[in-house]
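Understanding the architecture of this molecule
So the chains spell out like this:
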Amino acid sequence: MVKKFSFLLLSIILIFGAFLPQGKSSAATGTVTVSSDSVNVRGGPGLSYPLVKVAKRGEKYSIVKEKGDWIEVELSFGNTGWVVNWLVTKENMPKPSSTTTSSGSKGTIAKANTDQLRIRSGPGTSFRIVGFLNRGQEVSILDQNENWYKVSSSFGEGWVTRDFLVLKTEPADKPKATSTQTSSGIVNADTLNIRKESSATGTVIGKLTKGTIVSIYSKEKNWLEIGFANLKGWVSAEFVDTDGKAGKDTSKNEPIGMNGTVTANSLSVRSGSSLNAVIIGTVTGGQSFPILEENNNWAKIEYKSGKFGWVAGWYLEKSKASTQSGQAVKDRNVTILHNGTNIRASANVQADVIERANEGTNYPVQNVVNDWYEVKLKNGKTGFVAGWIVSINNSKTQIEKSGGEGYLKNKTIVLDPGHGGGDNGTTGASGTLEKELTLRTARLLYDKLRAAGADVYLTRNSDSFIPLPSRVSTAQSYNADAFISLHYDSNLDRSVRGMTGYYYHNYQKSLADTLYASTVAQTKLKDRGVRFGDFHVVRENNQKAVLMELGYLSNPEEEMTVKSGVFQENAASGLFNGLARFFKGN
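Residues numbered from 1 in each chain as written. Predicted model: local features only at pLDDT ≥ 70, side-chain atom pairs only at ≥ 80, totals over all residues. Heavy atoms only, no water.

Let us look at the sheet that holds strand E38 (residues 455–458). One open sheet holds the six strands; their spatial order is E38-E37-E39-E42-E40-E41, and the pairing between them is mixed. Every other strand in the sheet has two partners, leaving E38 and strand E41 (527–532) as the edge strands with one partner each. Here the strands of the sheet are splayed against their neighbours by 20° on average, with no regard to which way each runs. As judged from the three bridges shared by strand E40 (residues 499–503) and strand E42 (residues 545–552), these two strands associate in the antiparallel manner. (Pairing = 2+ DSSP bridges. Helix = DSSP H or I, 4+ residues; strand = E, 2+ residues; numbered from the N terminus. Axes fitted to C-alpha atoms, helices over the stretch in contact; angles between N-to-C directions.)

What follows is the structure, encoded as structure tokens:
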């Protein structure tokens, strides 16, 4: 009888123990926000522990403690539970108060620096336009994604390209009266962590992107105390150029043999090669200028006679300079963006193909028919080309074709940033860690897919080590419609370069082909093709899965390319568009 009672008591403890208050090793050190549609909260730090509850996207919980890849959080009525860290977003300190917009959202305030600034439903030009901003109109910054800001105003929420917003960068938390006079600096790394303490192990409280201007309050060894918008903390001094270096212009005023044609309606000219440099002028769509110098995807031009400044290189269509001067282009011409583009007999995708054009070919525009350009061919006849796969020197007539959002809505996609934690992956020629770059690409793609209505899951959302079987099981547990493992390559021969796609099972090949074709076309890396690959994450995966090697970090030139914000944006856009095309056809 005693044995039966003991067994019954033990069973009750095992079943209900998860609902009893857990011992806390320390006070809460921050909060987590659930970043997936549903996350299992368990009675302990492991998948074998009983399920306590299911948390929904956006719910916030206070952190009790952390153990490995698991975080213990406070639940209601004094209970606690454990969640895996890659399915939540950790905030390690309360956010300072900030200005509230008319829509009720809080964030850093910014102003539009141009009229008719397009607001899009997601962070990319493939997303539909949901509104416009006029010069001087204020918005609240909610989030940033490389070259895009998520903003909120009276129109609701949307995404705006960073180049056309001016931030109010006055720090909300001023330094104490004992602080010395502040100076300024400019971030020279692609992404830079702001930490609570002056230590590499300090809690990360925010991130800055390349070109951001910060206020510098003090220095402690190799760390700077800085302020930006409503954040104040410590950053590594190595990644901030101080006043002596920040925003300096050079005296190189001789053309480098390239011309740049402006592809935006209006483009700001700045005093230095960063988004935070002072705006000193404006150029308009279709104008072409000799490029005098390039620095981190910015181009120096002579925008007026005797006046020089910098413009964002990702809004320039570059071509080899001719003997002609860089005057504004008067006639409308389209430029083919991809090899093998179809020129058709009429403005319809079912019409006969009368010519195939290669990337860089130019045609004069005769007429615009719906979403198509009627162009004059070399033989004097006319044909039609889809407006969303060409660029035009007069951006006011640029045709944009969205539609990817509809094909991605409600699709379940698992993104797998390769490596992490103690596994750095490959190390680039100048020290770039593959594990950091894969996570950066995954986060960009994650935001685009979420904005399109897809259900997206990251196998890791931090610098943590996830075993290969766990990555595969994530795809299988969510019954993913697509699994994408992101990597960057390496070779002992430093001249090797380019992109490669891999699959293992025949049912994965269609996804690999479609994703690869879209991404290599968008990034313009060397085309190494799609191949069979014996990799665990595709071999053991019952879902449609692909492993993408997005360039060679061992090649010094390619390492610089893939680290750039322009490449990261293009890679994420290429993968996004490839997924849309895949689901459109499946």
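Relative to the helices and strands, Glu549 is located in strand E42. One buried charge, Glu549, has no salt-bridge partner; the nearest side chain with opposite charge is Arg528, at 9.1 Å. A polar contact of 3.2 Å, which involves the side chain of Glu549, links it to the backbone nitrogen of Asp489. Excluding its chain neighbours within four sequence positions, the residues that come into contact with Glu549 are His487, Tyr488, Asp489, Gly498, Met499, Thr500 and Tyr502. (Buried < 20%, exposed > 50% of the residue type's maximum accessible area, 1.4 Å probe, protein only. Lys, Arg positive; Asp, Glu negative; His and termini not counted. Salt bridge = Lys/Arg side-chain N within 4 Å of Asp/Glu carboxyl O. Polar contact = N/O pair within 3.5 Å; in protein donor to acceptor, adjacent residues only side chain to side chain. Contact = heavy atoms within 4.5 Å.)

Scored by pLDDT, the protein chain has a mean of 77; 77% of the residues are at 70 or more. Residue range residues 244–251 is modelled with pLDDT below 50. Its contacts to residues more than four positions away, or to other chains, number twelve contacts. Predicted confidence is poor over residues 394–398, with pLDDT under 50, and the contacts of this stretch with residues over four places away or in other chains come to 15 contacts. (pLDDT = per-residue confidence, 0-100.)

According to the stated counting rule, one finds five aromatic pairs in the structure shown. Between the aromatic rings of Tyr457 and Tyr478, the centroid separation amounts to 3.7 Å while the plane-to-plane angle is 10°, which identifies the pairing as stacked. Of this pair, Tyr457 sits in strand E38 while Tyr478 sits in the loop between helix H4 (468–477) and strand E39 (482–489), and the two are 21 residues apart along the sequence. Among the residues examined, Tyr457 registers a relative accessible area of 6% and is labelled buried. For Tyr478, a relative accessible area of 23% gives the class partly exposed. Between Tyr502 and Phe535, the ring centres sit 5.0 Å apart and the planes meet at 75°, which makes this aromatic pair edge-to-face. Taken together, the positions of Tyr502 in strand E40 and Phe535 in the loop between E41 and helix H6 (536–539) put the pair 33 residues apart, joining distant regions of the chain. When its relative accessible area of 13% is taken as the criterion, Tyr502 is described as buried. (Phe/Tyr/Trp six-rings, centres within 6.5 Å; stacked < 30°, edge-to-face > 60°.)

With respect to the secondary-structure elements, Glu559 resides in helix H7 (residues 556–563). Buried charge without a salt bridge: Glu559, with Lys563 as the nearest opposite-charge side chain at an N-O distance of 5.1 Å. Polar contacts involving the side chain of Glu559 include one to the main-chain amide nitrogen of Ser430, which spans 2.8 Å. Glu559 has contacts with Gly428, Ala429, Ser430, Gly431, Thr432, Tyr552 and Leu553, leaving out every residue within four places of it along the chain.

Let us now look at the pattern of salt bridges. Applying the stated criterion to the full structure yields nine salt bridges. The salt bridge involving Glu557 is made with Arg497; its shortest N-O contact spans 3.7 Å. Placement of the pair is Glu557 in helix H7 and Arg497 in the loop between E39 and E40, with a sequence separation of 60 residues. Exposure remark for Arg497: the relative accessible area of 28% places this residue in the partly exposed category. Where Asp513 meets Lys509, a salt bridge forms, and the shortest distance between an N and an O atom there is 2.8 Å. You can see Asp513 and its partner Lys509 sitting in helix H5 (residues 506–523), four residues apart, about one turn around the helix. Residue Asp513 is classed as partly exposed on the basis of its relative accessible area, which comes to 30%. If you follow the salt bridges from partner to partner, you end up with Arg497, Glu557 and Glu558 in one network.

Another aspect to go through is the nonpolar core. Core analysis: the biggest nonpolar cluster contains 40 residues, and Leu408, Leu415, Leu449, Ile484, Met548 and Leu579 have the highest contact counts within it. Contributions of two or more residues to this core are made by strand E37 (412–417), helix H3 (434–451), E38, E39, E40, H5, E42 and helix H8 (565–585). Other than its neighbours up to four places away in sequence, Leu415 contacts Ala442, Leu445, Tyr446, Leu449, Val456, Tyr457, Leu458, Thr459 and Ile484. Of all hydrophobic cores here, the second largest spans 29 residues; its members include Ala110, Leu133, Trp298 and Ala299. (Core = buried A, V, L, I, M, F, W, Y, C linked by side-chain atoms within 4.5 Å.)

What follows covers H7. Three or more residues of H7 are buried, namely Glu558, Glu559 and Val562. Each buried residue of H7 sits inside an arc of 105° when the element is viewed along its axis, so together they form one side. In this structure, the buried residues of H7 make contact with H3, E39, E42 and H8. (Arc of directions from axis to C-beta.)

It is worth spelling out the packing of H5 against H8 at this point. Here H5 crosses H8 at 145°, and the two axes come no closer than 7 Å. Here H5 and H8 pass one another in a crossing that is right-handed. Residues Ser510, Leu511, Thr514, Leu515, Ser518, Thr519, Gln522 and Thr523 of H5 touch H8, and the partners they reach there are Phe567, Asn570, Ala571, Ser573, Gly574, Leu575, Asn577, Gly578, Leu579, Arg581 and Phe582. For the contact of H5 with H8, the residue count by class is seven nonpolar, eleven polar and one charged. (Left-handed = near helix turned anticlockwise from the far one by under 90°. Nonpolar A, V, L, I, M, F, W, Y, C, P; charged D, E, K, R; others polar.)

Right, let's get into the packing of H3 against H8. Angle between the axes and distance between the axes are the two parameters that describe a pair of packed helices. Put simply, H3 and H8 touch, their axes get as near as 9 Å, and they point 50° apart. One way to sum up the angle between H3 and H8 is to call them oblique. Like other packed secondary-structure pairs, H3 and H8 cross with a definite hand, here right-handed. Along its contact with H3, which presents Leu437, Arg440, Thr441, Leu444, Leu445, Lys448 and Leu449, the element H8 presents Gly565, Gln568, Glu569, Ala571, Ala572, Ser573, Leu575, Phe576 and Leu579. Residue composition of the contact of H3 with H8, grouped by class: nine nonpolar, four polar and three charged. (Parallel < 35°, antiparallel > 145°, perpendicular 65-115°, else oblique.)

What follows deals with the pairing of strand E34 (residues 372–376). Regular strands place side chains that alternate from one sheet face to the opposite one. Most of E34 sits out of view: four of its five residues are buried. In this structure, strand E33 (residues 362–369) lies alongside E34, joined through four bridges in antiparallel fashion. Bridging across to E34, Val365 finds its partner in Val375. Of the strand pairs in this sheet, E34 and strand E35 (residues 382–386) are connected by five bridges, and their pairing is antiparallel. Within E35, the residue paired with Val375 across the bridge is Gly383. In this antiparallel pair of consecutive strands, E34 and E35, the connection spans five residues, and Gly380 shows a positive phi of 90°.

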